[in-house]
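Each chain is listed here by its residues.
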Amino acid sequence: MLTLRERQINAIKQMLNLNSQQPKALAAEPVWKILIYDRVGQDIISPIISIKELRELGVTLHVQLHSDRDSIPDVPAIYFCLPTDENLDRIQQDFSNGLYDVYHLNFLAPITRSKIENLAAAALHAGCVANIHRVYDQYVNFISLEDDFFILKHQQSDQLSYYAINRANTRDEEMEALMDSIVDSLFALFVTLGNVPIIRCPRNSAAEMVARKLEKKLRENLWDARANLFHMDATQAGGGVFSFQRPVLLLLDRNMDLATPLHHTWSYQALVHDVLDLGLNLVYVEDETASAGARKKPKACDLDRNDRFWMTHKGSPFPTVAEAIQEELESYRNSEEEIKRLKTSMGIEGESDIAFSLVNDTTARLTNAVNSLPQLMEKKRLIDMHTKIATAILNFIKARRLDSFFEIEEKVMSKQTLDRPLLDLLRDGEFGQAEDKLRLYIIYFICAQQLPESEQERLKEALQGAGCDLTALAYVQRWKGIMNRSPSISQATQYEGGGTKTVSMFTKLVSQGSSFVMEGVKNLVVKRHNLPVTKITEQVMECRSNAETDDYLYLDPKLLKGGEVLPKNRAPFQDAVVFMVGGGNYIEYQNLVDFIKQKQTSNVQRRIIYGASTLTNARQFLKELSALGGEILSPTATS
């Protein structure tokens, strides 16, 4: 059964094949073509199709729509962009300049009738109507980062950020446009999946706005006989991505949990995102090997699904990853030694029969070794890349004491007593950076049931002494006050951190031969626990009765009259799409992946796809909270 990512890849490959099905049997010479995309189209393609794959699909040139382009006759030009006024003006300009002989226009969102009429008028005026072969609406306006993880925007993602949704002076029409943009992308997602979901979401939140708009859009499409995009739903062999059961779409609002996005983390992928700014599966690491005096320039590392090591270990705790890299390195060195030994044993002297048989035997082994060289070279490249990334992370862990922060936050979340009072930690000049201390304090503040005013003031003084900008706290305090008034969610009780235990560091890593100097870094083993998002997902998938989720809206676009109440005796859902309005993170993604792994049985395959309007790490999220805090403080400052 195809995953979301594979379906999106197939849709884009079909588009690059000029929107015709490619017969599997014929590996014919591809039609050479050029691809012209806007920034959104570029973000969608770059994490899922490599330049090498584009070449294999016959794309000889891929360029930005708004760059200076030369005329290239006799080659089909595929446009892949949003139908914005700015993009359409540029396409009309290309028509009048006669840049290409064949145009295939693929729009990322449905183009309105008035816009397509303007485009037709421009084509008529330029005399190139016959050159426009196809105009398509492509429903692929989302970015697949993993088989089961998608986001809506990467470049200009601040348009859909937590700040954009929650800021004080958003005008109604801006909010409507923002919600419509999220709904259009989610609609495209379900068209790609080939399923109509049942929608659940908390009431009176941004998630409810999205849910109601999405239900309306899905219902209108289902009841429109000509334009129904889901008629394949039941008839298509194997149905959509999901089994015969329909998936549940759980729409959640970032406001339900502000602690997790600020949490220090311990798994490989989340650490790469937190400290090295992983974006679209690409991370830049400073090249340590640069010669003295030369400027260190960041080296791009592509963490894609063809990287077996990454796919195996992205969810593992960091020390486990360091050990695995060490083992891979040793196995590579052994293979290298084997080839060297074979080379020296080829220099056997004498013409005796023994020497001859040895040479024969060695030749066969050498041929075998030579054949495995390309795999060996690739293995070496990946080991070097992961060593570089892990070393960079290790330097951050040591400099910022990230292991200790992670351990303390887990204790705070699981209500354990701290080894050292928080005040001491915040006053300790050697202990981490200002940003890390602020993140720790906000998590402590959110998770504490009652924090006396006097203690808050002392902790804030310590934070100021450490050089923290406390603007964000104004917003977090207001947010906690509002949340505590809503009966279903008590912020302090919904966290249950798993706690950690420290085991002694692997002997392999402490030995001098290791490329990682792990001294001073704790080897923390994390106990499994569910984050708030995962808890709610479990309750909704199991259809369990629960004070918090019973009040959630229940919307079914297939019903003529929308019932908003959960039907009685509802069977549990096998599949869920969990979408976070206002930004998601790898910590929640990994937690959901671990949760669903435990739920698999031999006869029941259950799946969760996690999505978010944007992907933010703790630094970016803190910046958004500060901007919101600034809005609260500035009116008082000016009055």
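Structure first, text after, so check above.
To keep things clear, this report deals only with the structure shown in the data block. Quick caveat: nothing in here was measured; it's all calculated off a predicted structure. (Residues numbered from 1 in each chain as written. Predicted model: local features only at pLDDT ≥ 70, side-chain atom pairs only at ≥ 80, totals over all residues. Heavy atoms only, no water.)

Below, the discussion takes up the sheet that holds strand S1 (residues 33-37). The strand order across the open sheet formed by 5 strands is S2-S1-S3-S4-S5, and the pairing between neighbours is parallel. The open sheet has two free edges, formed respectively by strand S2 (59-64) and strand S5 (132-137), since each of these has just one partner strand. This sheet shows a mean twist of 20 degrees between the axes of neighbouring strands, independent of strand direction. Here helix H1 (residues 4-16) sits on the sheet and contacts S1, S2, strand S3 (72-81) and strand S4 (100-107); the angle it forms with S3, its principal contact strand, is near 155 degrees. (Pairing = 2+ DSSP bridges. Helix = DSSP H or I, 4+ residues; strand = E, 2+ residues; numbered from the N terminus. Axes fitted to C-alpha atoms, helices over the stretch in contact; angles between N-to-C directions. Contact = heavy atoms within 4.5 Å.)

With that out of the way, let us pick up the packing of helix H17 (residues 434-447) against helix H19 (residues 471-485). Contact pair H17 / H19: the axes reach a minimum separation of 11 Å and the direction vectors enclose 15 degrees. By the angle between their directions, the pair H17 and H19 is classed as roughly parallel. Like other packed secondary-structure pairs, H17 and H19 cross with a definite hand, here right-handed. Every residue of H19 that contacts H17 at Leu438, Tyr441, Ile442, Phe445 and Ile446 is listed here: Leu473, Val476, Gln477, Trp479 and Lys480. Tallied by class, residues from the contact of H17 with H19 come to 8 nonpolar, 1 polar and 1 charged. (Parallel < 35°, antiparallel > 145°, perpendicular 65-115°, else oblique. Left-handed = near helix turned anticlockwise from the far one by under 90°. Nonpolar A, V, L, I, M, F, W, Y, C, P; charged D, E, K, R; others polar.)

Its place among the elements puts Glu6 in helix H1. In sequence terms Glu6 and Ser144 are 138 residues apart; their C-alpha atoms lie 9.2 Å from each other. Within the structure, the side chain of Glu6 is placed 2.8 Å from the backbone nitrogen of Thr3, a separation counted as a polar contact. (Polar contact = N/O pair within 3.5 Å; in protein donor to acceptor, adjacent residues only side chain to side chain.)

Moving on, we come to helix H5 (residues 113-126). Compared with an ideal rise of 1.5 Å per residue, which puts 14 residues at 20 Å, H5 spans 20 Å between its outermost C-alpha atoms and is within 8% of the ideal. Of all the residues in H5, the buried ones are Leu119, Ala122 and Ala123. The buried residues of H5 occupy an angular sector of 100 degrees when the element is viewed end-on, so they sit on one face. Seen from the buried face of H5, the exposed residues on the opposite side, beyond 90 degrees, are Arg113, Leu124 and His125. If you follow the buried residues of H5, they end up packed against helix H4 (85-97), S4 and S5. In the segment just after H5, Gly127 is the residue with positive phi, at about 70 degrees. (Expected span 1.5 Å × (residues − 1). Buried < 20%, exposed > 50% of the residue type's maximum accessible area, 1.4 Å probe, protein only. Arc of directions from axis to C-beta.)

Quick look at the pattern of salt bridges now. Counted according to the given criterion, the structure contains 36 salt bridges. Note that Lys216 and Glu220 form a salt bridge whose closest N and O atoms lie 3.2 Å from each other. A residue pair is termed a helical-turn pair when its members lie 3 or 4 positions apart in one helix, as Lys216 and Glu220 do in helix H8 (residues 206-222) at 4 residues. Residue Lys216 is classed as exposed on the basis of its relative accessible area of 52%. Judged by its relative accessible area of 48%, Glu220 is partly exposed. Taking the shortest distance from any N to any O, the salt bridge between Arg439 and Asp274 comes out at 3.1 Å. (Salt bridge = Lys/Arg side-chain N within 4 Å of Asp/Glu carboxyl O.)

Another aspect to go through is unusual backbone geometry. With a phi close to 60 degrees, Asn19 is a non-glycine residue in the positive phi region. Here Asn19 is to be found in the loop between H1 and S1. Looking at Asn19, the relative accessible area reads 11%, which means it is buried. A positive phi angle, near 65 degrees, is found at Asp74, a position not held by glycine.

Let us look at the packing of aromatic side chains. Here the distance between the centres and the angle between the planes together describe a pair of aromatic rings. By the definition in use, this model includes 19 aromatic pairs. Both rings, one in Tyr162 and one in Tyr475, keep their centres 6.1 Å apart while their planes meet at 80 degrees; by these two values the pair is edge-to-face. Placement of Tyr162 in helix H6 (residues 162-166) and of Tyr475 in helix H19 is noted, with a sequence separation of 313 residues between them. In this pair, the class of Tyr162 matches that of Tyr475, namely buried. Each ring, one from Trp266 and one from Phe406, has its centre 6.0 Å from the other, and the planes form 15 degrees; the classification is stacked. Pair noted here: Trp266 is in the loop between strand S9 (248-253) and helix H10 (268-276) and Phe406 is in helix H15 (residues 402-413), with a separation of 140 residues, a long-range link. As far as the burial class goes, Trp266 and Phe406 line up, both buried. One Lys or Arg, Lys217, reaches over the ring of Phe187 and ends 5.1 Å from the middle of that ring. Taking NZ or CZ as reference, Lys480 lies 4.8 Å from the ring centre of Phe445, over its face. (Phe/Tyr/Trp six-rings, centres within 6.5 Å; stacked < 30°, edge-to-face > 60°. Lys NZ or Arg CZ within 6 Å of the ring centre and 35° of its normal.)

Position of Phe396 among the secondary structure elements: in helix H14 (residues 373-400). Looking at Phe396, the relative accessible area reads 30%, which means it is partly exposed. On a C-alpha basis, the gap between Phe396 and Leu276 in space is 9.3 Å, while along the polypeptide they are 120 residues apart.

A word on the packing of H15 against H17. Describing two packed helices takes the angle between their axes plus the distance from one axis to the other. Viewed as axis vectors pointing N to C, H15 and H17 meet at an angle of 5 degrees, and their least axial separation amounts to 10 Å. The orientation of H15 relative to H17 falls into the category roughly parallel. Between H15 and H17, the residues in contact are Leu402, Phe405, Ile408, Glu409, Val412 and Met413 and Asp436, Lys437, Arg439, Leu440, Ile443, Tyr444 and Cys447, respectively. For the contact of H15 with H17, the residue count by class is 9 nonpolar, no polar and 4 charged.

Let us now look at the pairing of S3. Of all 10 residues in S3, 7 are buried, a share of seventy percent or more. Here 7 bridges tie S3 to S4, and the two strands are oriented parallel to one another. Paired with Ile78 across the bridge in S4 is His104. Handedness of the S3-H4-S4 crossover: right-handed. (Right-handed = clockwise from strand over helix to strand, strands pointing away.)

So, on to empty space enclosed by the protein. Under the definition given, this model contains 5 cavities of 30 Å³ or more. In this structure, the largest cavity spans a volume of roughly 70 Å³. The wall of the largest cavity is formed by Pro261, His263, Thr265, Ala270, His273, Asp274, Asn585, Tyr586, Ile587, Thr616, Asn617 and Ala618. Those elements that place two or more of their residues in the lining of the largest cavity are H10 and helix H22 (586-599). Among the elements that make up the lining of the largest cavity, the one with the highest residue count is H10 (3 residues). When the residues that make up the lining of the largest cavity are grouped by side-chain class, the tally is 5 nonpolar, 6 polar and 1 charged. Three or more residues apiece are contributed to the lining of the largest cavity by two domains, here domain 2 (144-225 + 243-256 + 533-630) and domain 3 (269-346 + 360-400). (1 Å grid on protein atoms, 1.4 Å probe; cavity = no way out; pocket = protein on both sides within 12 Å on 5 of 7 lines; lining within 4 Å. Points joined across faces, edges and corners; volume = space filled by probe spheres on them. Domains from an automatic or database assignment.)

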